[in-house]
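# A look at the structure
Below, each chain spelled out in residue letters.
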Amino acid sequence: MAEIINDKTLNKIIKDSSRNGHIKLTNILNKIKKNDLELLGKLGSYFMANGKFDMASRIYAKWTDFEPNSPYPWCNLGASLYRERKSDEAKDVLEYAVSLDPKFITARINLGGVYQELGLNKEGLEKALEAIKLNPIDPLSHNNLGSALADLGMASEAKEAFETALVLDPNHEQGLMNLGKMCSNLGDTKQAIKHFEKIKNIQENLKSNHLDLTKLNLSLEYFKIGKLEKGWKGYEKAFSPKVPYIMSRHPQRLFVVLRWDGRKLKNHEKLLVWREQGICDEVMFSTMLHELSHYGKQIILECESRLVSIYRRSFPNFIVREQTFQLGSMTPTVLDYHYHLPIASLGGFYRNNIDDFKKSKPFIKIDAKKDFEFKERLKLFEGKKKIGICWRSGNLKATRNNSYTSLVDWNEIFKMKDAVFVNLQYGECETEILEAEKKFGINIIRWADIDLKNDLESVFALIKNLDTVISVGTAVVPFSGALGIKTYLTAHKNWSLFGTEGKHPWFSSVETVIIKNNLAVAHGIPIIAKKLNANKEN
């Protein structure tokens, strides 16, 4: 077996894994004997380092067959399952590893990370503290404690734990990474950049597997201070398989054609521009599409299904269709183009300084019949200021969250006279609305026959017939901005604002009220009320 598995063979398996690597791996695993455990570990490490976590899991599972009472293969299996995003399975496996050896710190630290992923913050803190007791001078244990404290909102305590990890090991990768993220979360962008730059230099020398994640984190910090060219360059690392899914750009599609590099298209050539991430980002990045308008039908635009009819009307010179790929493989089902580009990457060509955003204009064209329909629906409220409201993400229940609000926070807005309020909040929110109507003595307009999540033709037409929109950071903001409707956004600083305050860079009609990171964005609601009242007096 030692002759079968060598570095050359391992590298070939990794390269072939997208096509027939699993078959080859099965053949190798069938040949491995119990005395080949060192080779199993080596093979697993190769796949982990190259992002092939599913294949690593198969290897470590084989190892547990040979050594079911050893915590080491179970710990490795748990780590690979965690990277596969199989957190529930990883939890069971790592808990078993800890039961085999309660003093096995690596297993405890990995288990703490899984608890974080599953939102079991209290359990994560308990495991982190247990690891510290077992080895109080281990930097990884202090780093893990910092992560657990951060998840519980204990920012200053978390920062101290990360700093302790760095006292024990000044070049500790994860400690530097987490301290950088903590500074970022606290709004200290300069310190965050300092830490990320230091770890980037360390990782480049070590050829670290986490280098892409560091470059991505750096890009987001450079965006926050308006250094857009550096930002866009690092932002491409969000497609790396070595970046956690929660930070990645997705879908991570596969193509057999070249990625567009900005070159002028020849007359016979076509460019596919494809949607990515959520609909909020998709609409925001769509403000750059008019830069390609001179190519006409040479541009194929693939968008979210809910936007197809709207974008066909708004970009009549393009070929607009729903995204075409198979979810299992991410490979295209239609190949009628010569180059491709994810839509956000247009920024690297057309938005390299803040002045470039002056080119962005409202672009959504609404359906004439829908426009007439909502004019008629709102006729009853002529003479009053029609204010659309959206107070939280549609994915949240009516609970407190620092980045969102509750309707009880909107008292100052609801005091406005000669105004009516129109619901733009999608999802189950009727109980919240009824409670607010009773508490504040108001009426919030809504229609049971309008699906605010899926019927975007109606949503855009409704917003177009409002005077003002007020929202937290939801898709409602780019919707109204893309229509040119006066909008107020209360939010924390984030990378997509590029360090601006007051004026939203992507949408000229959107005014931002930036709230300190340690405060709830609900603090912006009274400020917006004052702005509205001041405008009314003027």
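Presented here is a report on the structure given in the accompanying data block. Residue indices follow the written sequence of each chain, beginning from 1 at its first position. Totals for whole chains, interfaces and linings use all residues, but because this is a predicted model, local features are given only for residues with pLDDT of at least 70 and pairs of side-chain atoms are given and counted only at 80 or more. Each side-chain value is worked out from all heavy atoms of the structure, with water and hydrogens disregarded.

Along the protein, the regular secondary structure elements total 23 helices and eleven strands. Based on C-alpha atoms, the radius of gyration is set beside the globule rule, defined as 2.2 Å times the residue count to the power 0.38. For the protein, the C-alpha radius of gyration of 26 Å lies close to 24 Å, the compact-globule estimate for 538 residues. For the protein, the spread of C-alpha atoms along the three principal axes comes to 85 × 60 × 40 Å. Out of the 538 residues belonging to the protein, those deemed buried represent 51%. In what follows, a contact means two residues having at least one pair of non-hydrogen atoms within 4.5 Å. Partitioning the contacts of the protein with sequence separation of at least 6, the portion at a separation of at least 24 is 62%. One finds the centroid of the 78 positive side-chain charges in the protein at a distance of 4 Å from the centroid of its 65 negative side-chain charges. We count a stretch as a helix when DSSP gives it H or I for four or more residues in a row; a strand needs E for two or more, and each element gets its number in order from the N terminus. Throughout, exposure labels follow a simple rule: accessible area from a 1.4 Å probe, protein chains only, divided by the maximum for the residue type, with under 20% read as buried, over 50% as exposed, and the rest as partly exposed. Charge assignment: positive for Lys and Arg, negative for Asp and Glu; neither His nor the chain ends contribute. A charged residue contributes its charge at one atom only: NZ of Lys, CZ of Arg, CG of Asp or CD of Glu.

Most of strand E3 (residues 299-303) is tucked away, with five of its five residues classed as buried. Burial of the side chains of E3 extends over both faces: Ile299, Leu301 and Cys303 are buried on one face and Ile300 and Glu302 on the other. Note on pairing: two strands pair once DSSP finds at least 2 bridges between them. For strand E2 (residues 271-274) and E3, the ladder comprises four bridges, and the chain directions are parallel. Each bridged residue has a counterpart across the sheet, and for Trp274 the counterpart in E3 is Glu302. Whether a crossover is right-handed depends on one test, that the path from the first strand over the helix to the second runs clockwise when the strands point away from the viewer. Between the parallel elements E2 and E3, the chain passes through helix H15 (residues 279-285) in a crossover that is right-handed. Where E3 and strand E4 (residues 319-322) come together, four bridges link them in parallel fashion. Its bridge partner lying in E4, Ile300 is registered against Ile319. The parallel pair E3 and E4 is bridged by helix H16 (residues 308-314), and the resulting crossover is right-handed.

Let's shift gears to the sheet that holds strand E6 (residues 385-390). One open sheet holds the six strands; their spatial order is E8-E7-E6-E9-E10-E11, and the pairing between them is parallel. The open sheet has two free edges, formed respectively by strand E8 (444-445) and strand E11 (510-514), since each of these has just one partner strand. On the sheet, helix H22 (residues 476-483) packs against E6, strand E9 (468-471), strand E10 (487-491) and E11 and is oriented at approximately 155° with respect to E9. Fitted lines through C-alpha atoms serve as axes, helices being fitted only where they are in contact, and the angles separating the N-to-C directions of these axes extend from 0 to 180 degrees.

The next thing to look at is the pairing of E9. Burial along E9 is two-sided: the residues Thr468 and Ile470 and Val469 and Ser471 are all buried. Direction of pairing for E6 relative to E9: parallel, over a ladder of four bridges. Residue pairing in the sheet places Ile387 in a bridge with Thr468 of E9. Bridge analysis of E9 against E10 gives three bridges, and the strand direction is parallel. Residue pairing in the sheet places Ser471 in a bridge with Leu489 of E10. Of the crossover connections in this fold, the one passing from E9 over H22 to the parallel E10 is right-handed.

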